[in-house]
Amino acid sequence: MQCTPIQLSGIYVTLEPLTQEHLPEIQSAVADGELWKLFFTSVPASENVQQWVAAALDMQHQQTAIPFAIRDNASGKIVGSTRYWKMEPNNRRLEIGHTWYAKSVQRTGVNTECKLLLLTQAFEVFNCIAVEFRTDYFNHKSQAAIERLGAKRDGLLRNHTIMPDGRIRDTVVYSILEHEWPGVKKNLQYMQSKYKN
């Protein structure tokens, strides 16, 4: 498990290694729904995208993350971002996070396929024994989406993170374990098949 850029390709989306060249398309994607206005997300405002991309690439340089830009295969547009981070090769675990999608592709097959690609790589290539997801206590849509994947709720970290606006966030923690992956994969493939035209 190394923090080197990789590309993951599916039917509906391609997860491309995030680069500075994605900057204009990321700015367009965050503007679709003005996602930064949701207080319980960490989506960058349009004027902060440059620093956000730089921070993501710095995490990769520090060997703690692999950030992706998510391209919709049908439209050719960048529609969001996600990343592997908190990568622990010695413990064979990582977290999938910093995930957001343009409003126009929310509640479509994009999230399902992204997670199928990321989890397949994590369990079948990186040989992970656990993959974690975390979200804000107030982000109920995110919690429901994570649970639809088949992840189990591990618990709640109280007063976990001080947010940029000063609010102290409680964080809900979920995970999928190695022995659960075959069932989760089958469920994701079934969910994905419902989106096929």
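As shown above, the structure is provided for reference.
Residues numbered from 1 in each chain as written. Predicted model: local features only at pLDDT ≥ 70, side-chain atom pairs only at ≥ 80, totals over all residues. Heavy atoms only, no water.

Undergrad: Any chance you could explain the overall build of the protein chain here in plain terms?
TA: When its secondary structure is counted, the protein chain shows 5 helices and 8 strands. Sequence-ordered secondary structure for the protein chain, helices as α and strands as β, is β-β-α-α-β-β-β-α-β-α-β-β-α. Scaling as 2.2 N^0.38, a compact globule of 197 residues should have a C-alpha radius of gyration of about 16 Å, and the protein chain matches this with 16 Å. Principal-axis analysis of the C-alpha atoms gives the protein chain an extent of 45 × 45 × 30 Å. Burial status across the protein chain gives 47% buried among its 197 residues. Of the contacts formed within the protein chain by residues at least 6 apart in sequence, a portion of 61% connects residues at least 24 apart. Element-wise, carbon and sulfur atoms account for 51% of the exposed surface of the protein chain, whose accessible area totals about 10,100 Å². (Helix = DSSP H or I, 4+ residues; strand = E, 2+ residues; numbered from the N terminus. Rg over C-alpha atoms; globule rule 2.2 N^0.38 Å. Buried < 20%, exposed > 50% of the residue type's maximum accessible area, 1.4 Å probe, protein only. Contact = heavy atoms within 4.5 Å. Areas by Shrake-Rupley, 256 points an atom, 1.4 Å probe, with all protein chains shown as cover.)

Undergrad: Looking at this structure, how should I read the nonpolar core?
TA: Here is a general trend for soluble globular proteins: nonpolar side chains tend to be buried in one another's company. Core analysis: the biggest nonpolar cluster contains 37 residues, and L15, Y84, L94, L119, V131 and F133 have the highest contact counts within it. Here this core gets 8 residues from one element, more than from any other, and that element is helix α3 (residues 110-125). In this structure, L18, A29, V30 and W52 belong to the second largest nonpolar core, which totals 13 residues. (Core = buried A, V, L, I, M, F, W, Y, C linked by side-chain atoms within 4.5 Å.)

Undergrad: Quick question: what am I supposed to make of the sheet that holds strand β3 (residues 65-72) here?
TA: Pairing between the strands of a sheet comes from backbone hydrogen bonds, and it takes one of two forms, parallel or antiparallel. Pairing within the open sheet is mixed, and its 8 strands lie in the order β1-β2-β3-β4-β5-β6-β8-β7. Of all strands in the sheet, those bounded by a partner on one side alone are β1 (8-9) and β7 (152-162). Here strand β5 (residues 93-101) pairs with strand β6 (residues 130-136) via 3 bridges, running parallel. Across the sheet, the residue bridging to R93 is A130, located in β6. Relative to β3, helix α2 (residues 49-61) is tilted by about 130 degrees, and along the sheet it contacts β3, β4 (78-88) and β5. The strands touched by α3 within the sheet are β1, β2 (13-17), β3, β4, β5, β6 and β8 (168-177), with β5 carrying the most contacts at an inclination of about 160 degrees. (Pairing = 2+ DSSP bridges. Axes fitted to C-alpha atoms, helices over the stretch in contact; angles between N-to-C directions.)

Undergrad: Would you explain the pairing of β6 in this entry?
TA: Taken residue by residue, a regular strand's side chains alternate between the two faces of the sheet. Of all 7 residues that make up β6, 6 are buried, and the element is covered over most of its length. With α3 bridging β5 and its parallel neighbour β6, the resulting β-α-β unit is right-handed. Strand direction decides the pairing type here: β6 and β8, joined by 7 bridges, are antiparallel. Bridging across to β8, T135 finds its partner in V172. (Right-handed = clockwise from strand over helix to strand, strands pointing away.)

Undergrad: Before we go on, may I ask you to explain helix α4 (residues 140-149) in this structure?
TA: Since there are 3.6 residues in each turn of an α-helix, residues three or four apart along the chain are aligned in direction. Considered for burial, the residues of α4 that qualify are Q143, A145, I146 and L149. Along the long axis of α4, the arc covered by the buried residues comes to 165 degrees, so they all point the same way. Turned more than 90 degrees away from the buried face of α4 sit H140 and K141, all of them exposed. Residues of α4 that are buried make contact with α3, β6, β7, β8 and α5 (181-193). Looking one or two residues beyond α4, the residue adopting positive phi is G150, at roughly 110 degrees. (Arc of directions from axis to C-beta.)

Undergrad: Which parts of the structure should I look at to understand the pattern of salt bridges?
TA: Working definition: two side chains of opposite charge can pair if their charged atoms are close together. Tallying each qualifying case throughout the model produces 10 salt bridges. Between E95 and R134 there is a salt bridge whose closest N-O contact spans 3.7 Å. Here E95 is found in strand β5, whereas its partner R134 is found in strand β6, with 39 residues between them in sequence. Within the structure, one salt-bridge network assembled from shared partners comprises K86, R93, E95, E132 and R134. (Salt bridge = Lys/Arg side-chain N within 4 Å of Asp/Glu carboxyl O.)

Undergrad: I would appreciate a short explanation of the environment of T82 in the present structure.
TA: Within the secondary structure, T82 is located in strand β4. Accessibility expressed as a relative area gives 0% for T82, which makes it buried. A sequence separation of 14 residues divides T82 from F68, and the C-alpha atoms of the two residues are 5.4 Å apart. Residues within four places of T82 in sequence aside, it is in contact with L15, I66, P67, F68, I70, I96, G97, H98, T99 and L118. Separated by 2.6 Å, the side chains of T82 and T99 make a polar contact. (Polar contact = N/O pair within 3.5 Å; in protein donor to acceptor, adjacent residues only side chain to side chain.)

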